[in-house]
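Single-letter residue listing:
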Amino acid sequence: MKRIIYILLSIALLVLITGILINPVISLLAKRQLRNIFSKSTVVIRECTFKPFHQLSLGGIEIRRRPFYDLKAKEIKIGFSIFSLFQGGITKLSLSQPQVTVDLPEDNLSEFAKLLNLNSEKRAFMINSLALSDLNLNLRFKDLQAKANISTELNLKEQLIGYLALSLEYLTTPQWHLKNASLNATQILPSDYLDIAQVQFGKIGIKKIKAKARLEEKNLHLDSLSADFLGGKIDGDMTFKTDTGFSYAANLNFINLDGDTFVNDLNLGEKFNLSGKLSGTLNVRGRAGEIEAINGDFNADEPGGVLTIKDEQYLKEIARNSNQSLEILLESFKNYHYNKGAMNLHLEGRDLVMDVALNGPSGKFNLKVIIHDFKLSE
């Protein structure tokens, strides 16, 4: 019996000594690895705890290369098993309170990789699951600026988001600007929410965006969506694919859109003015920042409005195609009053086509407007 006790004590002592000796060695190796990736950087690791066959914890991590970037994390936990290591994988990577500050105002986001030595290792471990707790992002690039806080858990192997909590102060690109956004979403639960103060695409602004948010497999659903848009309201639903490509689809209803605001925000004010209110439906599909399909049908709200065409060249084309007098057309469309109207929107290739049909006391009028190479940011 005493011999068994001595053996157990000896094993316990050996494990304790090994733990004491191995932690500094692992910390040194981790620093070396980080210096290889973040070349010319100062790397600090204040704590290291190794649990054999289970987990490696690194605490008080700081990686700096001023004035370019400053990276910190309270703790990084690397979960593994003997089986996962043989397969070249990490079961779970957890980052607690990471802080990422990057300041490269003269470079695009894609150029950040040039500061890193990402080819330092021939083979990287595959990560099955990634958890971020209270990630603070502060990014300044030539083509992107962002300040946000993110907590999430991702199943990278299955490309699934377990949950996502996002608080975004701003996100700016050359195409659009997003301000004061909050998103909480978990798998299945519909009680989570989306709340965005404003999204700006060029001159087009969408404000007070609210929706119920839920994750369902690889889809993020926004139900009961509502927003202020072009002097009117939007309601409907949207779905985003959260795996590769980040494609989206939206089915939206528009209520009491202001015609004059619509014309000006689409940069058509030099061609014509359109007063009155529009209501209708719009279906949109796209991927990332690109629009792949648009189909919309709108009708003029009572009592109608006034159309004024300023583009004389366009009226010349109408006169030529319809054998009408240019002088009559110029006079007719100085102030064309309509009481009924319909508009169809669709894409032809990369061009946005608007077919407008109006009916008023002075007769019927059909107008076709084409915006070539349509982009929301222009």
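The coordinates are above.
Let me sum up the structure you'll find in this document. Keep in mind that what you see is a predicted model, and the values were worked out from it rather than measured.

The helix and strand inventory of the protein chain stands at 5 helices and 24 strands. Put simply, the protein chain has 378 residues, and 39% of those count as buried. Residue pairs in contact within the protein chain that sit at least 24 positions apart in sequence constitute 46% of those at least 6 positions apart.

Our next topic: the pairing of strand β16 (residues 247-258). In the sheet, strand β15 (residues 232-241) pairs with β16 via 8 bridges, with the strands oriented antiparallel. From the neighbouring strand, Ile234 faces β16, where its bridge partner is Phe254. With 10 bridges joining them, β16 and strand β18 (residues 277-287) adopt antiparallel strand pairing. Bridging across to β18, Leu257 finds its partner in Leu278.

Grouped together as the largest cluster of nonpolar side chains are 92 residues, with contacts concentrated most on Tyr69 and Met354. Ignoring any residue separated from it by four or fewer positions in sequence, one finds Met354 in contact with Phe262, Leu266, Leu268, Met343, Asn344, Leu345, Leu367, Lys368, Val369 and Ile371.

Okay, the sheet that holds strand β17 (residues 272-274) next. If you trace the 3 strands from one edge of the open sheet to the other, you get β17-β20-β21, paired in antiparallel fashion. Each having just a single partner strand, β17 and β21 (336-338) make up the two edges of the open sheet. Taking the axes of each pair of neighbouring strands and ignoring which way they run, one obtains an average angle of 20° across the sheet. When β17 meets strand β20 (residues 305-309), the two strands line up antiparallel, connected through 3 bridges. Bridge pairing in β20 places Asn273 opposite Thr308.

Position of Leu139 relative to the elements: it lies in strand β8 (residues 129-141). Note: C-alpha distance between Leu139 and Tyr69 (70 residues apart in sequence) is 9.2 Å. Non-local contacts of Leu139, meaning those with residues more than four positions away in its chain, are made with Val100, Val102, Leu144, Gln145 and Ala146.

Before going further, it helps to examine the pairing of β20. Every regular strand shows the same layout, with side chains that alternate between the two sheet faces. Most of β20 sits inside the fold, with 4 of its 5 residues counted as buried. Bridge count between β20 and β21: 3 bridges; the pairing is antiparallel. Within the sheet, the bridge partner assigned to Leu307 lies in β21 and is Tyr336.

We now examine unusual backbone geometry. A cis amide bond links Arg66 with the next residue in sequence, Pro67, at an omega value of 5°. Along the chain, the position of Pro67 falls in the loop between β2 (55-65) and β3 (69-79). Cis geometry marks the peptide bond from Glu302 to Pro303, where omega comes out at 10°. Its location among the elements puts Pro303 in the loop between β19 (290-300) and β20. Notably, Glu217 is not glycine yet its phi reads approximately 55°, a positive angle. By the element assignment, Glu217 lies in the loop between β13 (204-216) and β14 (219-229).

Under the defined criterion, the tally for this structure stands at 6 aromatic pairs. Seen from their ring centres, Tyr69 and Phe112 are 5.9 Å apart, and the 90° between their planes marks the pair as edge-to-face. Highlighted residues: Tyr69 in strand β3 and Phe112 in the loop between β6 (99-104) and β7 (126-127), separated in sequence by 43 residues. Take Phe112: its relative accessible area is 17%, and that puts it in the buried class. Feature note: the residues Phe38, Tyr69, Phe112 and Phe141 constitute an aromatic cluster, connected by ring pairs.

As a further point, take the pattern of salt bridges. Evaluation of the coordinates by the stated rule reveals 15 salt bridges. Between Glu62 and Arg64 there is a salt bridge, with its nearest N and O atoms 2.9 Å apart. In this structure, the salt-bridge partner of Glu169 is Lys147, at a minimum N-O distance of 3.9 Å. Residue Glu169 is located in strand β10 (residues 160-172), and its partner Lys147 is located in strand β9 (residues 145-155); the two are separated by 22 residues in the primary sequence.

As a further point, take the side chain of Ser57. Positionally, Ser57 belongs in strand β2. Separated by 3.2 Å, the side chains of Ser57 and Gln55 make a polar contact. Leave out the neighbours within four places in its chain, and Ser57 touches Glu47, Cys48, Thr49, Glu75, Ile76 and Lys77.

You can see Ile206 is positioned in strand β13. A C-alpha to C-alpha distance of 9.6 Å links Ile206 and Lys233, two positions 27 residues apart in sequence. Discounting residues that sit within four places of it in the chain, Ile206 has contacts with Ala197, Gln198, Val199, Phe201, Ala227, Asp228 and Phe229.

By the secondary structure assignment, Asp228 is in strand β14. A polar contact is formed between the side chain of Asp228 and the side chain of Lys233, at a distance of 2.6 Å. Among all residues touching Asp228, those that are not within four sequence positions of it are Gly205, Ile206, Lys207, Lys208 and Lys233.

Calculation rules
Along every chain, residues carry numbers that run from 1 in the direction the sequence is written. Only residues with pLDDT of at least 70 get local features here, since the model is predicted, and only at 80 or more are side-chain atom pairs given and counted; chain-wide, interface and lining totals rely on the full set of residues. The basis for every side-chain value is the complete set of non-hydrogen atoms in the structure, without hydrogens or water. Numbering of helices and strands runs from the N terminus; a helix is a DSSP stretch of H or I covering at least four residues, while a strand is a stretch of E covering at least two. Only protein chains enter the accessibility calculation, which uses a 1.4 Å probe. A residue is then buried if its area is under 20% of the maximum for its type, exposed if over 50%, and partly exposed in between. Note on definitions: a residue-residue contact is assigned when non-hydrogen atoms from the two residues lie within 4.5 Å. Here the rule is simple: two strands pair whenever DSSP picks up at least two bridges between them. Residues belong to one nonpolar core when they are buried, are Ala, Val, Leu, Ile, Met, Phe, Trp, Tyr or Cys, and are joined through side-chain atoms within 4.5 Å. Orientation is described by lines fitted to C-alpha atoms, with helices fitted over the stretch in contact, and by angles between N-to-C directions that extend from 0 to 180 degrees. Whether two aromatic rings pair depends on their centres lying within 6.5 Å, for rings of Phe, Tyr and Trp, where Trp uses its six-membered ring; planes under 30 degrees apart make the pair stacked, over 60 edge-to-face, and the rest tilted. Here, a salt bridge means any side-chain nitrogen of Lys or Arg that lies within 4 Å of a carboxyl oxygen of Asp or Glu. Pairs of N or O atoms are called polar contacts if they sit within 3.5 Å, as long as, within protein, a hydrogen donor faces a hydrogen acceptor (for residues adjacent in sequence, only side-chain-to-side-chain pairs).

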